[in-house]
Amino acid sequence: MESNTEVNLGKSIIVPSVQELSKEPIISIQARLDVEDCMFSELDRLPSACKDWGFFQVCMVLSCLNVVNHGVSTSLLEEIRTQIESFFKLPYEEKKKLWQQPNHQEGFGQLFVVSDEQKLDWSDMFFITTRPHDIRRDDLFDKLPTKLRGALETYSIEGKKLAMTILGYMAKALKMDAEEMRELFNDGVQTLRMNYYPCCPEPDKAIGITPHSDADALTVVFQLNETEGLQIRKEGRWVPVKPLPNAFIVNIGDIMEIVSNGIYRSIKHRATVNSTKEKLSIATFNSSNLDSELGPAPSLIGPDNPANFRRVPSENYFKEFFARKLNGKSYLDFMRIENGEGNTS
Ligand SMILES: O=C(O)CCC(=O)C(=O)O
Ligand SMILES: [Fe+2]
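Everything numeric in this text was worked out from a predicted model, so none of it was measured. (Residues numbered from 1 in each chain as written. Chains lettered and ligands numbered in written order. Predicted model: local features only at pLDDT ≥ 70, side-chain atom pairs only at ≥ 80, totals over all residues. Heavy atoms only, no water.)

Chemist: I'd like a description of the packing of helix α6 (residues 146-174) against helix α7 (residues 178-185), backed by residues and values.
Modeler: Two elements in contact, α6 and α7, have axes whose closest approach is 9 Å; the angle formed by their N-to-C orientations is 150°. Relative to α7, α6 is oriented roughly antiparallel. In this structure, α6 crosses over α7, and the sense of that crossing is right-handed. Contact residues: α6 offers Lys160, Met164, Leu167, Met170 and Ala171, while α7 offers Ala178, Met181, Arg182 and Phe185. The residue makeup of the contact of α6 with α7, split by class, is seven nonpolar, no polar and two charged. (Axes fitted to C-alpha atoms, helices over the stretch in contact; angles between N-to-C directions. Helix = DSSP H or I, 4+ residues; strand = E, 2+ residues; numbered from the N terminus. Parallel < 35°, antiparallel > 145°, perpendicular 65-115°, else oblique. Left-handed = near helix turned anticlockwise from the far one by under 90°. Contact = heavy atoms within 4.5 Å. Nonpolar A, V, L, I, M, F, W, Y, C, P; charged D, E, K, R; others polar.)

Put into structure tokens, the structure is as follows:
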């Protein structure tokens, strides 16, 4: 009998399993931030989350926020959510008083806009430096609604503690000198970026935030509502991140890739928009001290491990980063030392 003739009705590009790709790392923390020796209950998962993903979600953070005043933590997150929602609902006339100035990027507006021809992201943001105090722009901070200011002040303190805890564990996992990590970040620059993505009638034609990696070492994002949109680049695909309720999404930024000499990779990510649901988030960026020198940690380089990145003053690094159009990981590539160019000093 003749075999059936094979009929091919079409083809599709072969892709990996999205279910597998989206099995993202979730790390529970049981941390007491008021004591030195706090504990990651799942610390062993941290190195692979940082190497393979450059991102993870931290749950049970609630129990470590404001551990001294039990129960305050949930209300702090609630307060942050409520205050930021109202902030973006302020009349435009009020917002204009807090808009970016031509020579300064802090305030309402957008970052990384370098040409009038540039297509804008489908989002508004409010950007402010919160730490260290001496570089905070009090003239802007003091103009914020009183309740928002109070909530941000506490959130900034708790966010700093959380970041230092995670950075401490990263130093341990990297076998890096813990003191080097502390010195680099203890008085580090902390900036906050509140993001508002309005509904978009044609979401396929717009982007909430252009694909980018963050300039800092460690970004802690709190999604203020349940609208999805954050996507990370994994194995050549965009993978959606499903935020867990009251958890933080932590991602590795370019500074950590540099400090770890490339062992931990910053993650490229973007935010998409939605036709019926608005999205709100707050990102806390944790960077090195302004007066430090940025480069691979001395304890991680040597004759067998040459530096893969240049050393530059942190301040120059920030100025260069913010002077460019946001474009994937292009600035990190600029910091990279080409083969044979490196030195171990
Ligand atoms: O809004 C989000 O989910 C991501 C925000 C983000 O990537 C950023 O602010 O750098
Ligand atoms: Fe980001």
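Next comes the rest of the account.
Chemist: Describe in detail the site of ligand 1, supporting the description with residues and values.
Modeler: In the vicinity of ligand 1 lie 13 residues, with Tyr197, Gln223, His269, Lys279 and Ser281 positioned nearest. Within the side chain of His212, an N or O atom sits 3.2 Å from an oxygen atom of ligand 1. Here His269 contributes a side-chain N or O atom positioned 3.0 Å from an oxygen atom of ligand 1. Isolated, ligand 1 exposes 300 Å² of accessible area, and the fraction of that covered by the protein chains is 98%. The leading source of residues in the shell around ligand 1 is strand β13 (residues 279-286), at four residues. For the shell around ligand 1, the per-class residue count stands at five nonpolar, five polar and three charged. (Near = heavy atom within 4 Å. Polar contact = N/O pair within 3.5 Å; in protein donor to acceptor, adjacent residues only side chain to side chain. Areas by Shrake-Rupley, 256 points an atom, 1.4 Å probe, with all protein chains shown as cover.)

Chemist: If you had to explain the sheet that holds strand β9 (residues 230-234) to someone new, which residues and values would you point to?
Modeler: Ordered by their spatial adjacency, four strands build an open sheet running β7-β12-β9-β10, and the pairing between neighbours is antiparallel. Of all strands in the sheet, those with a lone pairing partner are β7 (209-212) and β10 (237-240), marking the two edges. Each adjacent strand pair in this sheet contributes to an overall mean axis angle of 25°, direction not counted. As paired strands, β7 and strand β12 (residues 269-271) are joined by two bridges and run antiparallel to one another. When the bridges of β12 are listed, Ile209 appears paired with Ala271. (Pairing = 2+ DSSP bridges.)

Chemist: Quick one: what's the story with the nonpolar core, residue by residue and with numbers?
Modeler: Ile80, Met170, Ile282 and Tyr317 are the most contacted members of the largest nonpolar core, which totals 77 residues. Per-element accounting of this core gives the leading share, 13 residues, to α6. Residues Cys200, Ile209, Ala271 and Val273 belong to the second largest nonpolar core, which totals six residues. (Core = buried A, V, L, I, M, F, W, Y, C linked by side-chain atoms within 4.5 Å. Buried < 20%, exposed > 50% of the residue type's maximum accessible area, 1.4 Å probe, protein only.)

Chemist: I'd like to hear about α7, residue by residue, with values.
Modeler: All buried positions along α7 are accounted for by Met181, Leu184 and Phe185. Taken around the axis of α7, the buried residues stretch over an arc of 80°, which confines them to a single face. Buried residues in α7 make contact with α6, α8 (254-259) and β14 (293-294). Backbone nitrogen of Glu179 and a side-chain oxygen of the N-cap are separated by 2.9 Å at the start of α7; the cap is Asp177. (Arc of directions from axis to C-beta.)

Chemist: So what's going on with the packing of aromatic side chains? Residues and values would help.
Modeler: Evaluation of the coordinates by the stated rule reveals 11 aromatic pairs. Over the ring of Phe108 we find Lys95, and its NZ or CZ is 5.6 Å from the ring centre. Between the NZ or CZ atom of Arg136 and the centre of the ring of Phe141, over which it lies, the distance is 4.3 Å. (Phe/Tyr/Trp six-rings, centres within 6.5 Å; stacked < 30°, edge-to-face > 60°. Lys NZ or Arg CZ within 6 Å of the ring centre and 35° of its normal.)

Chemist: Outline the layout of surface pockets, listing residues and values.
Modeler: Its volume calculated, the largest pocket comes out at about 890 Å³. In terms of residues, the lining of the largest pocket owes the most to one element, helix α9 (residues 314-322), which gives five residues. Its residues assigned to classes, the lining of the largest pocket shows 19 nonpolar, 16 polar and eight charged. (1 Å grid on protein atoms, 1.4 Å probe; cavity = no way out; pocket = protein on both sides within 12 Å on 5 of 7 lines; lining within 4 Å. Points joined across faces, edges and corners; volume = space filled by probe spheres on them.)

Chemist: How would you sum up the coordination of the iron ion (ligand 2)? Please name residues and give values.
Modeler: With distances of 2.1 to 2.3 Å, the protein atoms coordinating the iron ion (ligand 2) are His212 (NE2), Asp214 (OD) and His269 (NE2). Going along the chain, you hit the donors of the iron ion (ligand 2) in the pattern H-x1-D-x54-H. On the criterion of sequence distance, the pair formed by His212 in strand β7 and His269 in strand β12 is long-range, its members being 57 residues apart. Given the relative accessible area of 7%, His212 is considered buried. (Donors = N, O, S within 2.8 Å, 3.2 Å for Na, K, Ca; no water.)

Chemist: With reference to specific residues and values, describe the pattern of salt bridges.
Modeler: Side chains that carry opposite charge are capable of pairing whenever their charged atoms lie near each other. With the rule as written, the count across this model stands at 15 salt bridges. Between Lys161 and Glu158 there is a salt bridge, with the nearest N and O atoms lying 3.7 Å from each other. Of this pair, Lys161 and Glu158 both sit in helix α6, three residues apart, which is roughly one turn of the helix. Taking the relative accessible area as the measure of exposure, Lys161 reaches 33% and is therefore partly exposed. In this structure Glu158 comes out as buried when scored by relative accessible area, which is 3%. (Salt bridge = Lys/Arg side-chain N within 4 Å of Asp/Glu carboxyl O.)

Chemist: An account of the confidence of the model for the chain is requested, with residue identities and associated values reported.
Modeler: Residue-level pLDDT values for the chain average 82, and 80% of them are 70 or greater. For the chain, per-element mean pLDDT is lowest for strand β2 (residues 39-40), which scores 46, and highest for α7, which scores 97. Every residue in residues 30-40 is under pLDDT 50, and counting partners more than four places away or in other chains gives 26 contacts. Across residues 60-72, confidence stays below pLDDT 50; counting only partners more than four residues off in sequence or on other chains, it has 27 contacts. Scored as a complex, the prediction yields pTM 0.84 and ipTM 0.99. (pLDDT = per-residue confidence, 0-100.)

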